[in-house]
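# Report on the structure
What follows is the residue order along each chain.
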Amino acid sequence: FSDANATDFSVQIDTLKDCGFIFMPTYYGPASLFMTQAKDTVSASAVYYGCDGFDGIDNIEGFDISAIPQKVTMLSHFNSKATDGKAKEFIDKYVAAYGAETLNQFGASAYDCVYAIYYAMEEAIAEGTEIPVTISASDLCDILKAKFQGGFTFSGVTGDNITWDENGYVAKGAVKYTLKEAN
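Computed from a predicted structure; not experimentally measured.

## A closer look at the sheet that holds strand S6 (residues 170-171)
Picture the strands of a sheet paired through backbone hydrogen bonds; they go either parallel or antiparallel. Spatial strand order, S4-S5-S6: 3 strands in an open sheet with antiparallel pairing. The open sheet has two free edges, formed respectively by strand S4 (153-156) and S6, since each of these has just one partner strand. Inspection of the sheet shows strand S5 (residues 159-164) paired to S6 by 2 bridges, in the antiparallel sense. Counterpart to Thr-163 in the pairing with S6 is Ala-171. Contacts between helix H4 (residues 105-126) and the sheet are confined to S4 and S5, with S4 contributing the most and set at about 140° to the helix.

What follows is the structure in structure tokens.
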């Protein structure tokens with residue numbers, strides 16, 4: 001999966017055909033091609049396990065996930081099929097505003113990013129930091145780095161109590177979602 005333009009996965013399929021668990025750290029485009037090509041070769045009892053890049057795989061035009069006999073799962077911080085909570089509210093508002101039939105973690109992450117920056121700035125101002133409208137990008141970046149590397153916590157549509165460490169790496173919970181059971 002290292003070549004984003006690959007269209008022939010026969011070598012990988014032959015190598016993995018007897019595996020019971022196939023970890024796929026790739027996006028849904030190459031994953032859907034692999035699954036389509038492998039559906040009759042890889043053991044039907046196998047489990048495909050992807051990351052958040054799998055979000056939306058069940059809605060790719062021309063890809064019928066129900067035709068894949070294997071179980072398809074992913075680890076993500078956002079449930080695009082949420083039935084309650086902040087994620088459901090976000091999905092409902094997004095669909096109402098833009099008419100989108102499906103939404104994935106990429107839009108939700110962008111949404112949370114904007115609000116995390118907003119609330120970090122709001123918190124900095126409440127602590128006495130001035131952020132004038134004429135602030136330079138570099139100075140604003142320094143303020144945001146201090147917030148995000150200094151214990152700032154945010155709750156949004158992709159998770160609650162999201163934090164960042166001293167290097168700016170995010171820490172938030174992830175959940176395993178089953179996109180399709182084996183058939």
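## Here we look at the packing of H4 against helix H5 (residues 137-148)
As a packed pair, H4 and H5 sit with axes 10 Å apart at the nearest point and diverge in direction by 90°. In terms of orientation, H4 lies roughly perpendicular with respect to H5. Across the interface between the two elements, Ala-116, Ile-117, Ala-120, Met-121, Glu-123 and Ala-124 from H4 touch Leu-140, Ile-143, Leu-144, Lys-147 and Phe-148 from H5. Looking at the contact of H4 with H5 residue by residue, the class counts come to 9 nonpolar, no polar and 2 charged.

## Let's talk about the packing of aromatic side chains
A complete count under the given rule lists 17 aromatic pairs for this structure. Between Phe-148 and Trp-164 the ring centres are 4.6 Å apart and the planes differ by 75°, which places this aromatic pair in the edge-to-face class. With Phe-148 in helix H5 and Trp-164 in strand S5, the pair connects residues that are 16 residues apart, well separated along the chain. Cluster of aromatic residues (ring-pair linked, three or more members): Phe-78, Phe-90, Tyr-94, Tyr-98, Tyr-111, Tyr-115, Tyr-118, Tyr-119 and Phe-154.

Calculation rules
Residues numbered from 1 in each chain as written. Predicted model: local features only at pLDDT ≥ 70, side-chain atom pairs only at ≥ 80, totals over all residues. Heavy atoms only, no water. Pairing = 2+ DSSP bridges. Helix = DSSP H or I, 4+ residues; strand = E, 2+ residues; numbered from the N terminus. Contact = heavy atoms within 4.5 Å. Axes fitted to C-alpha atoms, helices over the stretch in contact; angles between N-to-C directions. Parallel < 35°, antiparallel > 145°, perpendicular 65-115°, else oblique. Nonpolar A, V, L, I, M, F, W, Y, C, P; charged D, E, K, R; others polar. Phe/Tyr/Trp six-rings, centres within 6.5 Å; stacked < 30°, edge-to-face > 60°.

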